[in-house]
Amino acid sequence: MNARRVIAVAWPLAPLVILIALPFNGLNGFLLDLFYFTFTYAAMSVGWNIIGGYAGYISLANLGFFGLGSYVAGLTLSHLGWPILLTAPLVGVVCALVAAVIGWIALRTRGPSFVIVTLAFTFIVQFLALNLKDITGGSAGLYLPLLSMDPLLRGDLFYYYMLGVLILSIAVAIGIRRSRFGLGLIAIREDEGKAEGSGINTSVFKIVAFMISCWFAGVAGAVHAQYLNYVDPDLAFELIIMLNMIVMTLLGSRGTVWGPVLGAFILFPLQSYLVYWLPSTIAGEVHLALLGVVLVLIARFMPEGLLVTLQKLIVRRPPPRLQAVPADAATSARP
Amino acid sequence: MLLLQGLVLGVLVGGMYALMASGLTLIFGVMRLINIAHAAVIIFASYLSWQLLRVLGIDPLISIVILVVVFFIGGALLQKYVLSALIDKDLSLALLATLGVANVLEGMEGALWTSSFHAINTGYSDQTYHFGDVYVPLIRIITFVASVIILAGLYVLLTHTNLGRAIRATTQNRAIAQLVGVNVNRITMIAFGIGIAVAAAAGPLMGMYYPFYPNSHWGWIGKLMAIVVLGGLGSFRGTLVAALILGVAEQVTILYVPANWAATVFFVFLFAVLIVRPQGFFGHVARESL
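Conventions used here
- Residues numbered from 1 in each chain as written.
- Chains lettered and ligands numbered in written order.
- Predicted model: local features only at pLDDT ≥ 70, side-chain atom pairs only at ≥ 80, totals over all residues.
- Heavy atoms only, no water.
- Helix = DSSP H or I, 4+ residues; strand = E, 2+ residues; numbered from the N terminus.
- Rg over C-alpha atoms; globule rule 2.2 N^0.38 Å.
- Buried < 20%, exposed > 50% of the residue type's maximum accessible area, 1.4 Å probe, protein only.
- Contact = heavy atoms within 4.5 Å.
- Areas by Shrake-Rupley, 256 points an atom, 1.4 Å probe, with all protein chains shown as cover.
- Lys, Arg positive; Asp, Glu negative; His and termini not counted.
- Salt bridge = Lys/Arg side-chain N within 4 Å of Asp/Glu carboxyl O.
- Polar contact = N/O pair within 3.5 Å; in protein donor to acceptor, adjacent residues only side chain to side chain.
- Buried area = accessible area lost by both parts, 1.4 Å probe.
- pLDDT = per-residue confidence, 0-100.
- Axes fitted to C-alpha atoms, helices over the stretch in contact; angles between N-to-C directions.
- Nonpolar A, V, L, I, M, F, W, Y, C, P; charged D, E, K, R; others polar.
- Patch = residues over 30% accessible without salt bridge, like charges linked within 9 Å, V, L, I, M, F, W, Y side chains within 5 Å.
- Phe/Tyr/Trp six-rings, centres within 6.5 Å; stacked < 30°, edge-to-face > 60°.
- Core = buried A, V, L, I, M, F, W, Y, C linked by side-chain atoms within 4.5 Å.
- Pairing = 2+ DSSP bridges.

## Describing the overall build of chain A
Summing up its helical and strand segments, chain A has 18 helices and two strands in all. Against the 2.2 N^0.38 benchmark of 20 Å for 335 residues, chain A shows a C-alpha radius of gyration of 21 Å, consistent with a compact globule. Its C-alpha atoms give chain A principal-axis dimensions of roughly 75 × 50 × 40 Å. Across the 335 residues in chain A, those meeting the buried criterion constitute 51%. In chain A, the share of contacts with a sequence separation of at least 24, taken over all contacts with a separation of at least 6, comes to 81%.

Now the structure itself:
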């Protein structure tokens, strides 16, 4: 193994070591929070990318699962006393099982029904959170028991927890990318008919990808409920969360392992700065509108995302597909 | 008698639902695109109509004419310069672009008109008529009649003009439409513009009927999607029938359960249709579209 190859495989260790070491160097509360949010968004974007990027099915349900995760975790904590940081992975499993049902309804057929069903699902969960007042507390929300510990230590705890979830999400994304399962998903994205023809059970593949995707949204929602010590139908289903997952993935590069991570690490700090800088009366509205503008601009002018675009600029190598056929063979084949 | 009341109000509101959803189904037909921004466009038109009434004293029914022209041009430009390039490349990008447009409109409305709710109040807003035991607010009759007139115009446009024939041909089979000499790119642009213009026409009517606020379009797009799925995506007639069915179902439900639960009617229909018959109940996209 030469040095180049070692770097190519092991480079993620460098930022990882830095991120693990950062809190020991007196990171203040503001920066701890900033990183916590960035990790949360990055993990959810990596999750969204599995169904939205690998398989090419736009899911608007991940926001619904974020909220569902918040409520399931909040309710089990307040009624049964189960600590959220321990139950979060199981809350994710509950979300994945619900995702299987939703996926079964929406993914049996190809085409537009998936986006409709996933959007409707998000509305339904929010609707139930708002209207099942006896269980969820309605619009007043649900106050959760506090984690009693030193505030800075608490910040560290959430920092490392979501860093762990982010590392897991990246590991899962790499694993899927290198497996037959991942190849199948990409085949579905490129040409679902042919994928099915070559023996891939497309329905099962899509549903499993959707379940994995929603597991991460559910876990993030659960942890966030504890972070806020509070759940309500507005915060748990804030549209900007869904928009962020999508814009971050698209900006970084859809369908790549590292794209969503890159997108989150660029966009979240920028947005915090923007919201901090804008007058507070219109900050939320301008934030939403600008994110919408960014989404339209990326879709129109850089749909491949930063990572792929940069790769093309730096490598300057024609894609291998074109190299495989010698130029003269290509011309002589022409009638 | 209560049931008759629900039936009458259901048909009246169903007419407006049909108008709101018909643009969505038209756009899906020619572009295979779910326009997530559709309800946001309607709400935006409601705000503009509110502003025109407030500042210039223009009646909302008159402002429909202005808004239709402006929104047709805006829609056609959006299609030509943003969406058409995406449709050819990757339909999901076009879908995400409409999601972006929805958020731009919502954020802009919030910044311009605050997030508290607005309603379009005209001098005739509060009158109510009684027919035996059935009471009918005047505003509901007006919105229904206006919706029916606009839908009838759209129907004539689609069935009795060359433009309409070209739009229907493009909906049914893009490649063959092109083969027989239809300029499908131009037709797609015009059809998208018409879809947005119809949404603009629905805006003032919706604003007279219901209060609105910047993010209320999310509730509406859910309802509109339920309507177009029940009607069979891309089918104009199907959408009209589905809108009436869901309008009546909603208004009858309101009589028996608290009003906020009536919205579930749409979701129940949506999921039932997708489980039982994913292609909708009124023909199939590829086979029949008008």
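Next, the rest of the story.
## Points about the overall build of chain B
Across its full length, chain B holds eleven helices and two strands. Ordering the α and β elements of chain B from the N terminus gives α-α-α-α-β-β-α-α-α-α-α-α-α. Taking 19 Å as the expected radius of gyration for a compact globule of 290 residues, we find that chain B reaches 18 Å, a close match to that expectation. Projected onto the principal axes, the alpha-carbon positions of chain B cover approximately 60 × 45 × 35 Å. For chain B, the exposed surface amounts to about 11,400 Å²; the carbon and sulfur share of it is 68%.

## Details of the side chain of B:Glu109
Residues and elements named next belong to chain B. Here Glu109 shows up in helix H4 (residues 91–113). In this structure, Glu109 is buried with no salt-bridge partner, the nearest side chain bearing the opposite charge being Arg54 at 16 Å. Side-chain polar atoms of Glu109 contact the backbone nitrogen of Phe44, separated by 3.4 Å. Filtering out sequence-adjacent residues up to four positions away, Glu109 remains in contact with Ala40, Ile43, Phe44, Tyr47, Thr114 and Pro214.

## Concerning the interface of chain A and chain B
Often the size quoted for an interface is simply the accessible area lost on bringing the parts together. Contacts between chain A and chain B engage 38 residues on the former and 41 residues on the latter. Surface buried jointly by chain A and chain B totals about 3,400 Å² across both partners, of which 82% is contributed by carbon and sulfur atoms. Three residues, A:Ile116, A:Phe127 and A:Arg300, lead the burial of chain A against chain B; their summed loss comes to 17% of the area buried on that side. Our count for the chain A to chain B interface comes out at one salt bridge. The partner of A:Arg254 in a salt bridge is B:Asp90, and the shortest N-O contact between them spans 2.8 Å. Inspection of the chain A/chain B interface yields four residue pairs in polar contact (both at pLDDT 80 or more). Those elements that place two or more of their residues in the side of chain A that touches chain B are helix H5 (84–107), helix H6 (113–131), helix H13 (239–252) and helix H15 (283–301) of chain A. Per-element tally for the side of chain A that touches chain B: the top contributor is H6(A), with eleven residues.

## Regarding the confidence of the model for chain B
Residue and element names in this part refer to chain B. In this model, chain B carries a mean pLDDT of 90, and residues with pLDDT of at least 70 account for 96%. For residues 285–290, every residue scores under 50 in pLDDT, and the model assigns this stretch 18 contacts once sequence neighbours within four places are set aside. Prediction confidence for the complex, expressed as pTM and ipTM, is 0.90 and 0.90 respectively.

## Thoughts on the confidence of the model for chain A
In low-pLDDT regions, the fine details of the predicted coordinates are not to be read closely. Of the residues in chain A, 93% reach a pLDDT of 70 or more, and the chain-wide mean stands at 88. The model gives residues 321–335 of chain A a pLDDT under 50, and that stretch makes two contacts with residues more than four places away or in other chains.

## Focus on the packing of H5(A) against helix H11 (residues 264–276) of chain B
Two elements in contact, H5(A) and H11(B), have axes whose closest approach is 8 Å; the angle formed by their N-to-C orientations is 65°. Mapping the contact onto sequence places A:Ile102, A:Trp104 and A:Ile105 in H5(A) and B:Phe271, B:Leu274 and B:Ile275 in H11(B). The residue makeup of the contact of H5(A) with H11(B), split by class, is six nonpolar, no polar and no charged.

## Things to note about the pattern of salt bridges
Residues and elements named next belong to chain B. Within the structure shown, the criterion is met by six salt bridges over all chains. Notably, a salt bridge pairs Glu250 with Lys223, separated by 3.0 Å at the nearest N-O pair. Of this pair, Glu250 sits in helix H10 (residues 236–256) while Lys223 sits in helix H9 (residues 217–230); the two residues are 27 residues apart in sequence, bridging distant segments of the chain. The same class applies to Glu250 as to Lys223, namely buried.

## With respect to a nonpolar patch on the surface
A surface patch of nonpolar side chains, amounting to about 650 Å² of accessible area, comprises B:Val65, B:Ile66, B:Val69, B:Val70, B:Ile73, B:Leu77 and B:Tyr81. Note that B:Ile73 resides in helix H3 (residues 60–89).

## A closer look at the side chain of B:Thr171
By the element assignment, B:Thr171 lies in helix H6 (residues 162–172). B:Thr171 gets classed as buried once you look at its relative accessible area, which sits at 8%.

## A look at the packing of aromatic side chains
All names here are of chain A. By the definition in use, this model includes 32 aromatic pairs over all chains. Judged by centre distance (5.6 Å) and plane angle (20°), the rings of Phe37 and Phe268 are stacked. Separated by 231 residues along the polypeptide, Phe37 in helix H3 (residues 29–54) and Phe268 in helix H14 (residues 259–277) bring together distant segments of the chain. With a relative accessible area of 23%, Phe37 lands in the partly exposed category. Exposure remark for Phe268: the relative accessible area of 12% places this residue in the buried category.

## A closer look at the nonpolar core
The biggest cluster of nonpolar side chains holds 201 residues, and the ones touching the most others in it are A:Phe65, A:Leu185, A:Phe210 and B:Leu99. When residues in this core are grouped by element, the largest group, 16 residues, is from helix H8 (residues 184–209) of chain B. Apart from residues no more than four positions distant in its own chain, A:Phe65 is found in contact with A:Cys95, A:Val98, A:Ala99, A:Phe121, A:Phe210, A:Cys214, A:Ala217 and A:Gly218.

## Re the pairing of strand E1 (residues 128–131) of chain B
Residue and element names in this part refer to chain B. Judged from the four bridges that link them, E1 and strand E2 (residues 134–137) form a sheet pairing that is antiparallel. Looking at E2, one finds that Thr128 is bridged to Pro137. As consecutive antiparallel partners, E1 and E2 are separated by two residues, and within that stretch Gly132 has a phi angle of approximately 65°, a positive value.

## Focus: helix H9 (residues 180–190) of chain A
All names here are of chain A. What H9 keeps buried is the set Phe181, Gly182, Gly184, Leu185, Ile186 and Ile188. Contacts from the buried residues of H9 go to H3, helix H8 (151–178), helix H10 (192–197) and helix H11 (202–228). The distance from a side-chain oxygen at the start of H9 to the backbone nitrogen of Phe181 is 3.3 Å, and the residue carrying that oxygen is Ser179.

## Overview of unusual backbone geometry
Residue and element names in this part refer to chain B. Phi is positive for Arg32, which is not a glycine, with a value near 60°. Looking at where Arg32 falls in the secondary structure, it is placed in the loop between helix H1 (2–31) and helix H2 (38–56). Even without a glycine there, the phi angle at Thr114 is positive, about 60°. One can find Thr114 in the loop between H4 and E1. On the basis of relative accessible area, Thr114 is assigned to the partly exposed category, the value being 45%.

## What about the environment of B:Ala39?
Residue and element names in this part refer to chain B. Mapped onto the fold, Ala39 is located in helix H2. The class for Ala39 is buried, based on a relative accessible area of 0%. With 178 residues separating them in the primary sequence, Ala39 and His217 have C-alpha atoms 5.0 Å apart. Those residues in contact with Ala39 that sit more than four places away from it in its chain are His217, Trp220, Ile221 and Leu224.

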